[in-house]
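Here's the letter readout for the chains.
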Amino acid sequence: MLLLPLLLLLRFSLNQYDPKELMIEAVTGANYLRFVSDSFYLGVLRTTLGVAAASTVLCLVLGLPVAYRLARMQGRWKSLCMLAVVLPLFVGSTVRMVGWMILFAHGGLVDSAVRRMTGQGLELMYTTFAVVSGIVSITLPFAILTMQSTIETIDPRVEEAAQSLGAPPGRSFWRVVWPLALPGTATAGILVFILSMNAYATPYLLGGPRFQMMAPLLYWEFSTNNNWPFASAMALLLMTTTLVLTACSGVLIPRRFRV
Amino acid sequence: MKGKVGVGDINYFYVCMAAALATAGDPNKVEDAAARDLVLKLNSNGLRLYPSTDSIGAGVKSGEIDVGLMWHARVLMWQNAGIPVKAQFPTEGSVLYLSGMVVPKNAPNKAGAYRYLNAMMEPAAQRGFADRMGYQPTVTNSPLEGALGQRLALPDPAPRMMLPDYGIVGKLQGPTSEWWAKNVRRA
């Protein structure tokens, strides 16, 4: 189920493209060579990596305090707060992006409010800020839920023990909770990074055509240019880059904290 | 007009054809240096690129842009949706959009496919397309009358209509797309 489509993608990526015949059976590495030898495509990959890295860092920074608070909550409030975190996942990402578009668009809520206050508008649509905000809004619940489930398994008594030995709350968190939560935090980071690398609707709708990321670009090659071999090569290169970086992320966690 | 002109990214080939029409009088000459220079000049003058056709309509409605390049039919759809916009046919000429339908060789129900195609050519269906989508009839036995006819009427004298050479379009689409991505989108 998973392997066969990937094998098919690999086979397509070795074919040749012809404007009339579309895809001609061949065994060539020309599509891969075209990508890695062209600074334009490498630039798009760099932009994708930058956006994914920024989104991952933001999700971890914003999500960790929320996850910790949720993990230590009890009773009815916990259920309500969990529901508030999960609720955005009930709405499709494209629909959520339309919401962001209404917020960021020319004459939208932000633009109108700033214009009323300063006399000048604020165009956020089609900016890096808009794309990262959109991606973070989609991936943050995944990060929070992953980290919350890990922190919940950490016995609160270990924190109490640290505090009874004189450590203030901040220090007990960094010296006791943080190292124990690190594997779960890394999993959350990997999850967010993978989702961000493959983001399609957000860069397409909030970034616009000038903000080029891998997923919209490869879809353009596939659907508009009908160049399936090159689109397949791009898809495999994106997947490989994501997998390699994900595998390498393990080295960021000190050996003694790895599960 | 700086920053007040917008086009759809997906219509990149038609933007290039419009530039070729303006510079060479031939919509097929999209690779001519003069046509490309004109596109780059338009781009450097604050051209707004929209990801989808409907987002151009939103740009017109919000006052973000004043002028764009769009299908006549789509302008009529926008008018139906209450967007204050008018269509103007350039004196250099207008590129015709030809939408084709085919029955694949291996279609499992060819008779049904032909019935569908025939139904599309019925006057009632043609009037429906015209009313809802702003498409001019593709058959001769379906004249548009009354308010609908007035809404879709072409100006007098008739605008200069040009049909691109699809053999050339097919060959140039890939290279033009790459040039557009590298030089217009990225700039």
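Residues numbered from 1 in each chain as written. Chains lettered and ligands numbered in written order. Predicted model: local features only at pLDDT ≥ 70, side-chain atom pairs only at ≥ 80, totals over all residues. Heavy atoms only, no water.

Enquirer: Can you walk me through the overall build of chain B in this structure?
Expert: On a plain count of helices and strands, chain B comes out with eight helices and five strands. Listed by position from the N terminus, the elements making up chain B come as β-α-α-β-α-β-α-β-α-α-α-β-α. When each of the 187 residues of chain B is scored for burial, the buried share is 37%. At a minimum sequence separation of 6, the contacts of chain B that also span at least 24 residues come to 63%. Summed over its atoms, the accessible surface of chain B is roughly 10,600 Å², and 56% of this surface lies on carbon and sulfur atoms. Within chain B, the 15 negative side-chain charges are centred at a point lying 5 Å from the centre of the 20 positive side-chain charges. (Helix = DSSP H or I, 4+ residues; strand = E, 2+ residues; numbered from the N terminus. Buried < 20%, exposed > 50% of the residue type's maximum accessible area, 1.4 Å probe, protein only. Contact = heavy atoms within 4.5 Å. Areas by Shrake-Rupley, 256 points an atom, 1.4 Å probe, with all protein chains shown as cover. Lys, Arg positive; Asp, Glu negative; His and termini not counted. Charge placed at Lys NZ, Arg CZ, Asp CG, Glu CD.)

Enquirer: Looking at this structure, I do not really get helix α3 (residues 53-62) of chain B. What am I missing?
Expert: Side chains that are three or four residues apart share a direction in an α-helix, a result of its 3.6 residues per turn. Residue and element names in this part refer to chain B. Buried residues of α3: T53, S55, I56, G57, G59 and V60, and no others. Residues of α3 that are buried in the fold lie against β1 (5-8), β2 (48-50) and α4 (72-80). A positive phi of about 85 degrees marks G63, the residue just after α3.

Enquirer: Sorry if this is basic, but what is going on with the domain arrangement of chain B here?
Expert: Residue and element names in this part refer to chain B. Entries for chain B in the domain assignment read domain 1 (1-98 + 163-187) and domain 2 (99-153). Spacing between the C-alpha centres of domain 1 and domain 2 amounts to 26 Å. Taken residue by residue, the interface counts seven residues in domain 1 and ten residues in domain 2. Buried surface at the junction of domain 1 and domain 2, summed over both partners, amounts to about 670 Å²; 51% is from carbon and sulfur atoms. Three residues stand out in domain 1 for area buried against domain 2, namely A73, L76 and N80, and they jointly supply 51% of the buried area on that side. Between the two partners, domain 1 and domain 2, sit zero salt bridges. At the junction of domain 1 and domain 2, the tally comes to two residue pairs in polar contact (both at pLDDT 80 or more). Residue composition of the side of domain 1 that touches domain 2, grouped by class: five nonpolar, two polar and no charged. (Domains from an automatic or database assignment. Buried area = accessible area lost by both parts, 1.4 Å probe. Salt bridge = Lys/Arg side-chain N within 4 Å of Asp/Glu carboxyl O. Polar contact = N/O pair within 3.5 Å; in protein donor to acceptor, adjacent residues only side chain to side chain. Nonpolar A, V, L, I, M, F, W, Y, C, P; charged D, E, K, R; others polar.)

Enquirer: Explain the side chain of A:T202 here, please?
Expert: Residues and elements named next belong to chain A. Structurally, T202 is set in helix α10 (residues 201-207). Assessed through its relative accessible area of 3%, T202 is described here as buried. Leave out the neighbours within four places in its chain, and T202 touches M97, V131, G134, I135, I138 and G207.

Enquirer: I would appreciate a short explanation of the interface of chain B and chain A in the present structure.
Expert: The extent of an interface is frequently quoted as the accessible surface area lost upon association of the parts. Across the boundary between the two partners, chain B contributes 25 residues, which contact 18 residues of chain A. Across the chain B to chain A interface the summed buried area is about 2,000 Å²; carbon plus sulfur atoms make up 50%. Connecting chain B to chain A are three salt bridges. A:D38 serves as the salt-bridge partner of B:K182, at 2.5 Å between the closest nitrogen and oxygen. The interface formed by chain B and chain A contains twelve residue pairs in polar contact (both at pLDDT 80 or more).

Enquirer: Explanation requested: the pattern of salt bridges in the structure shown.
Expert: Charged atoms that come close allow side chains of opposite charge to pair. Using the criterion set out here, one finds 14 salt bridges over all chains in the structure. Residues A:K78 and A:E152 are paired through a salt bridge, measuring 2.2 Å at the closest nitrogen-oxygen approach. Pair noted here: A:K78 is in helix α4 (residues 75-86) and A:E152 is in helix α7 (residues 128-152), with a separation of 74 residues, a long-range link. Take A:K78: its relative accessible area is 16%, and that puts it in the buried class. We note a salt bridge from B:R36 to B:E31, for which the minimum N-O separation is 3.9 Å. What you see here is one network of salt bridges that share partners, running through A:R34, A:D38, B:E178 and B:K182.

Enquirer: I'm lost on the nonpolar core in this one. Help?
Expert: In summary, soluble globular proteins display a tendency toward joint burial of nonpolar side chains. Counting 26 residues, the largest nonpolar core has A:V51 and A:I151 as the members making the most contacts within it. Residue assignment for this core shows that the elements contributing at least two residues are α3 (39-72), α7 and α9 (169-197) of chain A. Counting 23 residues, the second-largest nonpolar core is a separate cluster that includes B:A19, B:V39, B:V169 and B:W179. (Core = buried A, V, L, I, M, F, W, Y, C linked by side-chain atoms within 4.5 Å.)

Enquirer: I'm lost on the sheet that holds strand β3 (residues 67-68) of chain B in this one. Help?
Expert: Strand pairing in a sheet relies on backbone hydrogen bonds. The paired strands run either parallel or antiparallel. All names here are of chain B. Here three strands make up an open sheet; going across it, the order is β2-β1-β3 and the pairing parallel. Two strands close off the open sheet at either side, each with one partner strand: β2 and β3. Across two bridges, β1 lies against β3 in parallel orientation. By the bridge assignment, V5 is partnered in β3 with V67. (Pairing = 2+ DSSP bridges.)

Enquirer: Teacher, can you tell me more about α9(A) here?
Expert: Under the 1.5 Å per step criterion, the end-to-end length of α9(A) is only 36 Å for 29 residues, more than 12% shorter than the ideal 42 Å. Its maximal kink placed at A:L182, α9(A) deviates by approximately 50 degrees, while the proline A:P183 follows within four residues. (Expected span 1.5 Å × (residues − 1). Bend = angle between axes of the 7 residues up to and from the residue.)

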